[in-house]
Amino acid sequence: MTASWRENRLTDRLGIEVPILSGAFGGLSSVALTAAVSDAGGLGAYGLYGYGPERIAATVAELRAATAAPFLLNLWVTDEAEAAPPAAAVVREAAERLAPFYAELGIELPDPPTRLLPSFEEQVEAVVAVRPAAVGFVFGLPDAASLARLREAGIAVLGTATTVEEALGLDAAGVDAIIASGAEAGGHRVSFLRPAEESLVGTIALVPQIVDAVSVPVVAAGGIADGRGIAAAVMLGAEGVQVGSAFLATRQSAASDGYRQAIASYRSRTTVLTRASSGRLARGIPNRLTAEAGADPAPFPLQNWLTGAVRRAAAERDETELIALWCGQAGPLAEVTDADALLRRLVEQTDRLLSDSSTDGPGGGRSTGNGGASRRT
Ligand SMILES: Cc1cc2nc3c(=O)[nH]c(=O)nc-3n(C[C@H](O)[C@H](O)[C@H](O)COP(=O)(O)O)c2cc1C
């Protein structure tokens, strides 16, 4: 009985031992974390936001050198209109609003780029060429021809939904699984049918509605950081979970020490939804960047490019006030630990909780009620 949550359509399709995905962290992924999660039997994810074809090929070569297990590559759906830089006057005006940060950090505004984002079409081609076990998309899906090429290459396609309507669209397009991203999740709200502000459904409400509406396996994401969250997601009908912030707090992630500690502390008890960093709505720990750059941000991706130099300079100094501290609502349940140890603990806790519930019935016979999830002694 214990093992039943571990074997299902998702684990079969992806060829993994346990249906736990790590978060894909655009701009903040590390080969070490992705490989550690995949090696431990889960599906390590790697975020390719902003990566051109050559960097994608080089990163996948590093991943393959680090692990023989399946992994997922993640792409943001973007279009050419977003990739093109706006007029110089627009860039100058938006940059002026951030000038105090540049002055404070003693950095210059970089020269305007010829593009703000790599070509999405070329990114997809690069992913087809390297044939990962799985590819995940946010902010929609590529066109039908690209999806067909991914499928022909044997790559499992995961789409991400923040509403039931989005999930129905992904199901109709023929994805292999749907990540149901509840509003608790850290990072960007990846809505693509309605404005993100109007698509804020919590994980506990979203997952069962999507499970009821679609035919493919559903992966619950948002606010899951221990075995209690995973067991709850399984009860809601999910066949997998994606754990983001808790893996970002591990030593193998690309987060700075200060960022890891901020996630696994009282600082993440209250998170905010803000457009300050990128121009798109995202959840993170409040800091000076959210307080001082959030009032009138430039649209995505210009704001992301403009704050990029500020965030990089602040990260180099390991200071957490002027970086994007993306984090979900379950941050305080996380701990600065090793990624393989976290994965093993998640599996053990979930096994214990789900075997308890199958033998004792609801509420019966449990001594702690948390599957041994509490870690502080
Ligand atoms: C720093 C950060 C960056 C993220 N970047 C991406 C991304 O590029 N693509 C993506 O699909 N999800 C991204 N996410 C969302 C995660 O994949 C995952 O769904 C989410 O973190 C789950 O919620 P949780 O943080 O409450 O565990 C990001 C999350 C964080 C915290």
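Residues numbered from 1 in each chain as written. Predicted model: local features only at pLDDT ≥ 70, side-chain atom pairs only at ≥ 80, totals over all residues.

Caption draft 1: Fine view of the overall build of the protein chain. When helices and strands are tallied, the protein chain shows 15 helices and 11 strands. By the compact-globule yardstick of 21 Å for 377 residues, the protein chain fits well, its C-alpha radius of gyration being 20 Å. For the C-alpha atoms alone, the extent of the protein chain along its principal axes is close to 65 × 50 × 40 Å. Put simply, the protein chain has 377 residues, and 51% of those count as buried. For the protein chain, the proportion of contacts with a sequence separation of at least 24, taken over those separated by at least 6, is 68%. (Helix = DSSP H or I, 4+ residues; strand = E, 2+ residues; numbered from the N terminus. Rg over C-alpha atoms; globule rule 2.2 N^0.38 Å. Buried ≥ 20, exposed ≤ 12 C-beta atoms within 10 Å, placed from the backbone. Contact = placed C-beta atoms within 7 Å.)

Caption draft 2: Structural context of the site of the ligand. Residues in close proximity to the ligand total 29 residues, the closest being Gly26, Gly186, Gly187, Gly244 and Gly328. When residues of the shell around the ligand are traced back to their parent elements, those giving at least two are strand E4 (134–138), strand E9 (240–243) and helix H11 (245–248). For the shell around the ligand, a count of residues per class yields 13 nonpolar, 15 polar and 1 charged. (Near = placed C-beta within 6 Å. Nonpolar A, V, L, I, M, F, W, Y, C, P; charged D, E, K, R; others polar.)

Caption draft 3: A look at the environment of Phe101. Following the sequence through the fold, Phe101 ends up in helix H5 (residues 88–105). Judged by C-beta crowding, with 21 C-beta atoms within 10 Å, Phe101 ranks as buried. Taking the C-alpha atoms as reference, Phe101 lies 6.7 Å from Val310; in sequence the two are 209 residues apart. Sequence-distant contacts of Phe101, defined by excluding residues within four places in its chain, comprise Val310 and Leu322.

Caption draft 4: Fine view of the environment of Ala126. Structurally, Ala126 is set in helix H6 (residues 120–130). Along the chain, Ala126 and Ala231 lie 105 residues apart, while their C-alpha atoms are 36 Å from each other. The contacts of Ala126, once residues within four sequence positions are left out, are Pro53, Ile56 and Ala57.

Caption draft 5: Quick peek at the sheet that holds strand E2 (residues 44–47). Strand order in the open sheet made by the 8 strands is E1-E9-E8-E6-E5-E4-E3-E2, with parallel pairing throughout. On the outer flanks of this sheet lie strand E1 (20–22) and E2, each paired with one strand and no other. When the angles between neighbouring strand axes are averaged without regard to direction, this sheet yields 25°. Here 5 bridges tie strand E3 (residues 71–76) to E4, and the two strands are oriented parallel to one another. In the strand pairing of E4, Asn74 is matched with Gly136. (Pairing = 2+ DSSP bridges. Axes fitted to C-alpha atoms, helices over the stretch in contact; angles between N-to-C directions.)

Caption draft 6: Structural view of the confidence of the model for the protein chain. Chain-level pLDDT for the protein chain is 93 on average; 94% of the residues reach the 70-or-more range. Below pLDDT 50 for its whole length, residues 360–369 participates in 5 contacts with residues either more than four positions away or in separate chains. (pLDDT = per-residue confidence, 0-100.)

Caption draft 7: Structural detail: the sheet that holds strand E10 (residues 272–274). Spatial ordering of the open sheet is given by E7-E11-E10, a layout of 3 strands whose pairing is antiparallel. What marks the edges here is a single partner per strand, and that holds for strand E7 (187–188) and E10. Pairing of E7 with strand E11 (residues 282–284) involves 2 bridges; the strand directions are antiparallel. Its bridge partner lying in E11, Gly187 is registered against Arg283.

Caption draft 8: Spotlight on helix H10 (residues 227–235). Of all 9 residues in H10, 7 are buried; the element is thus mostly enclosed. All buried positions along H10 are accounted for by Gly227, Arg228, Gly229, Ile230, Ala231, Ala233 and Val234. Just downstream of H10, Gly237 is the residue with a positive phi angle, here 105°.

Caption draft 9: Focus on helix H14 (residues 302–316). The end-to-end C-alpha distance of H14 is 22 Å, a good match for the 21 Å that 15 residues give at a rise of 1.5 Å each. At its buried positions, H14 is contacted by H5 and helix H13 (288–293). Phi for Asp318, located one or two positions after H14, is positive at around 50°. (Expected span 1.5 Å × (residues − 1).)

Caption draft 10: Region of the structure containing the pairing of E4. Among the 5 residues that make up E4, 5 are buried, leaving the element largely enclosed by the rest of the structure. Residues Ala134, Gly136 and Val138 point to one face of E4 and Val135 and Phe137 to the other, with burial holding for every one of them. Each parallel crossover has a hand, and for E4 linked through helix H7 (residues 144–152) to strand E5 (residues 156–161) it is right-handed. (Right-handed = clockwise from strand over helix to strand, strands pointing away.)

Caption draft 11: Focus on the packing of helix H3 (residues 53–66) against H6. One can describe the packing of H3 onto H6 by two numbers: an axis separation of 9 Å at closest approach and a directional angle of 25°. Of the possible angle classes, the one that applies to H3 and H6 is roughly parallel. When you trace H3 past H6, the crossing you get is right-handed. Contacts from Pro53, Ile56, Ala57 and Val60 in H3 reach Glu122, Gln123, Glu125, Ala126, Val127 and Val130 in H6. (Parallel < 35°, antiparallel > 145°, perpendicular 65-115°, else oblique. Left-handed = near helix turned anticlockwise from the far one by under 90°.)

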